[in-house]
Amino acid sequence: MPTPPGGRVDSDVVERGLRRRYNRAQKSTRPPKLRASMDRRKFLATSGIFGAGLFGASNAASSLLHAEPRPDFESNLNLEDKPVAFSVPPLPYPNDALEPYIDARTMEIHHDKHHGAYVTNLNKALEGHPDLQAKSIDDILKNLDSVPENIRGAVRNNGGGHWNHSLFWQLMKKGGGGEPKGDLAAAINASFGSFAGFKEKFKAAGLGRFGSGWAWLLVKDGKLTIDSTANQDTQYIAGGKAVIGIDVWEHAYYLKYQNVRGDYIDAWWNVVNWDKAAELYSAAKK
Ligand code: MN
């Protein structure tokens, strides 16, 4: 502030200047769109709206499928900091929890880099589509036809990748494996003869998926069925509700098992979270 003639600073002028600068700063750092987006994210974060969906309200990780404001969001806000619609949920266990069946390095790369890239690319595809950004990933994938054609492929692949992996992390746990219990065990025996028979058919579905994709145990028309999907296609393309699913992309197993997908599938039975599977089965039957 230049000193006015006479050497006296006019405090009104200073104050008016500061107020103008303050108002300008408020406007430039907080465009209305960003404000709306933050409010929406706060709403989603506090309402647990996504958690009430497929992944179950009880799971803490599920509410993180939508981005929450970072703790430093208010104080470190800058113009480069764009709000995003979706974020990667944290792994519900440490990277090495599934050793020796799935190695820590694979889990780290798979979760941070691969799942991370699906989310980054999904958010990129949804830029400029606030209507889609406001939806849950389930709602988007259930209605792919309503996604504009020029981003539909990107949303199918990257949104599917986000959905599939968010479920996959929950379908494994430290000290998992063993056999399913209760209703799910009975249904598996009724549908496939035995648990061993089921595992054999499920493995065949994983081995038979040419290239990259997923093998699934689904509830379809009220019955258990084994299926597989290509790339990152989800249960919504398969037309069922997932009970378990295994990622058979090479990135899921190559470091430890190289090209031997069958050995990876055999090892995977040791980490399956049958409690989560039972929860999904019972929800799917309702
Ligand atoms: Mn994967």
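Note that the structure is predicted; figures quoted are calculated from it, not measured.

Things to note about the packing of helix α3 (residues 104–126) against helix α6 (residues 149–170)
Move 1: As a packed pair, α3 and α6 sit with axes 8 Å apart at the nearest point and diverge in direction by 145 degrees. Once α3 is placed against α6, the crossing between them reads as left-handed. Residues Met-107, His-110, His-111, His-115, Ala-117, Tyr-118, Val-119, Asn-121, Leu-122, Ala-125 and Leu-126 of α3 form the contact with α6, whose own contacting residues are Ile-151, Ala-154, Val-155, Asn-157, Asn-158, Gly-159, Gly-161, His-162, His-165, Ser-166, Phe-168 and Trp-169.
Move 2: Each residue belonging to the contact of α3 with α6 can be placed in one class, and the counts come to twelve nonpolar, eleven polar and no charged.

Some details on the pairing of strand β1 (residues 213–220)
Move 1: Of all eight residues in β1, seven are buried, a share of seventy percent or more.
Move 2: Taking the residues between adjacent antiparallel strands as the criterion, β1 and strand β2 (residues 223–230) are bridged by two residues, where Asp-221 takes a positive phi near 50 degrees.

Overview of the pairing of β2
Strand residues, when the strand is regular, have side chains that alternate between the two faces of the sheet.
Move 1: Relative to β2, β1 runs antiparallel, the two being bridged by eight bridges. Its bridge partner lying in β2, Ala-215 is registered against Ser-228.

Let's talk about helix α12 (residues 274–285)
Move 1: When the terminal C-alpha atoms of α12 are compared, their 16 Å separation across twelve residues agrees well with the 16 Å that a helix rising 1.5 Å per residue should span.
Move 2: All of the buried residues in α12 are Trp-274, Lys-276, Ala-277, Leu-280, Tyr-281 and Ala-284. Projected down its long axis, α12 shows its buried positions confined to an angular sector of 150 degrees, all on one face.
Move 3: Residues of α12 that are buried sit in contact with α6, α7 (182–192), α8 (195–208), β1, β2 and β3 (241–247).
Move 4: The N-terminus of α12 is capped by Asn-273, whose side-chain oxygen sits 3.2 Å from the backbone nitrogen of Asp-275.

Some points on the sheet that holds β1
Move 1: Pairing in this open sheet of three strands is antiparallel, and the strands run β2-β1-β3 from one edge to the other. Both edges of this open sheet fall to β2 and β3, since each of them pairs with a single strand only. With strand direction ignored, the average angle separating the axes of adjacent strands in the sheet is 20 degrees.
Move 2: Pairing between β1 and β3: six bridges, direction antiparallel. Considered in β3, the bridge of Trp-216 is made with Gly-245.
Move 3: Contacts from α7 reach β1, β2 and β3, with the element oriented near 80 degrees to β2.

A closer look at unusual backbone geometry
Move 1: Here the residue pair Glu-99 and Pro-100 is connected by a cis peptide bond, since its omega of 0 degrees sits within 30 degrees of zero.
Move 2: Of note, Pro-100 is situated in the loop between α2 (32–47) and α3.
Move 3: A positive phi angle, close to 55 degrees, is found at Asn-231, a residue other than glycine.
Move 4: Along the chain, Asn-231 falls in the loop between β2 and α9 (235–238).
Move 5: A relative accessible area of 39% means that Asn-231 is categorised as partly exposed.

Here we look at the confidence of the model for the protein chain
Move 1: When pLDDT is averaged across the protein chain, the result is 81; 71% of the residues are at 70 or more.
Move 2: Within the model, the stretch residues 1–80 combines pLDDT values under 50 with 88 contacts to residues more than four positions away or in other chains.

Some thoughts on the pattern of salt bridges
Move 1: Counted under the stated rule, the structure contains seven salt bridges.
Move 2: Note that Arg-105 and Glu-108 form a salt bridge whose closest N and O atoms lie 3.5 Å from each other. On the criterion of helical spacing, the pair formed by Arg-105 and Glu-108 is a turn pair, its members being three residues apart in helix α3.
Move 3: Note on Arg-105: relative accessible area 48%, which makes it partly exposed.
Move 4: Overall, Glu-108 belongs to the partly exposed group, its relative accessible area being 30%.
Move 5: Glu-279 is paired through a salt bridge with Lys-276; the nearest N and O atoms lie 3.1 Å apart.

Structural notes on empty space enclosed by the protein
One simple way to see leftover space: roll a probe sized like a water molecule over the atoms.
Move 1: Across all of its chains, the model carries two cavities of 30 Å³ or more by this definition.
Move 2: Taken as a whole, the second largest cavity encloses approximately 40 Å³ of empty space.
Move 3: What lines the second largest cavity is simply Leu-141, Leu-144, Arg-156, Gly-160, Gln-232, Asp-233, Thr-234, Tyr-236 and Ile-237.
Move 4: Of the residues that constitute the lining of the second largest cavity, the class distribution is four nonpolar, three polar and two charged.

Description of the coordination of the manganese ion
Ideal geometry at a metal centre gives angles of 109.5 degrees when four donors are arranged tetrahedrally and 90 or 180 degrees when six donors are arranged octahedrally.
Move 1: Within the protein, the manganese ion binds to His-110 (NE2), His-165 (NE2), Asp-247 (OD) and His-251 (NE2); these donor distances fall in the range 1.9 to 2.1 Å.
Move 2: In the primary sequence, the donor residues of the manganese ion line up as H-x54-H-x81-D-x3-H. Here His-251 lies in the loop between β3 and α10 (254–257) and His-165 lies in helix α6, a separation of 86 residues in the sequence.
Move 3: Under the relative-accessibility criterion, His-165 is labelled buried at 0%.

Reading the values: the criteria
- Residues numbered from 1 in each chain as written.
- Predicted model: local features only at pLDDT ≥ 70, side-chain atom pairs only at ≥ 80, totals over all residues.
- Heavy atoms only, no water.
- Axes fitted to C-alpha atoms, helices over the stretch in contact; angles between N-to-C directions.
- Helix = DSSP H or I, 4+ residues; strand = E, 2+ residues; numbered from the N terminus.
- Left-handed = near helix turned anticlockwise from the far one by under 90°.
- Contact = heavy atoms within 4.5 Å.
- Nonpolar A, V, L, I, M, F, W, Y, C, P; charged D, E, K, R; others polar.
- Buried < 20%, exposed > 50% of the residue type's maximum accessible area, 1.4 Å probe, protein only.
- Pairing = 2+ DSSP bridges.
- Expected span 1.5 Å × (residues − 1).
- Arc of directions from axis to C-beta.
- Polar contact = N/O pair within 3.5 Å; in protein donor to acceptor, adjacent residues only side chain to side chain.
- pLDDT = per-residue confidence, 0-100.
- Salt bridge = Lys/Arg side-chain N within 4 Å of Asp/Glu carboxyl O.
- 1 Å grid on protein atoms, 1.4 Å probe; cavity = no way out; pocket = protein on both sides within 12 Å on 5 of 7 lines; lining within 4 Å.
- Points joined across faces, edges and corners; volume = space filled by probe spheres on them.
- Donors = N, O, S within 2.8 Å, 3.2 Å for Na, K, Ca; no water.

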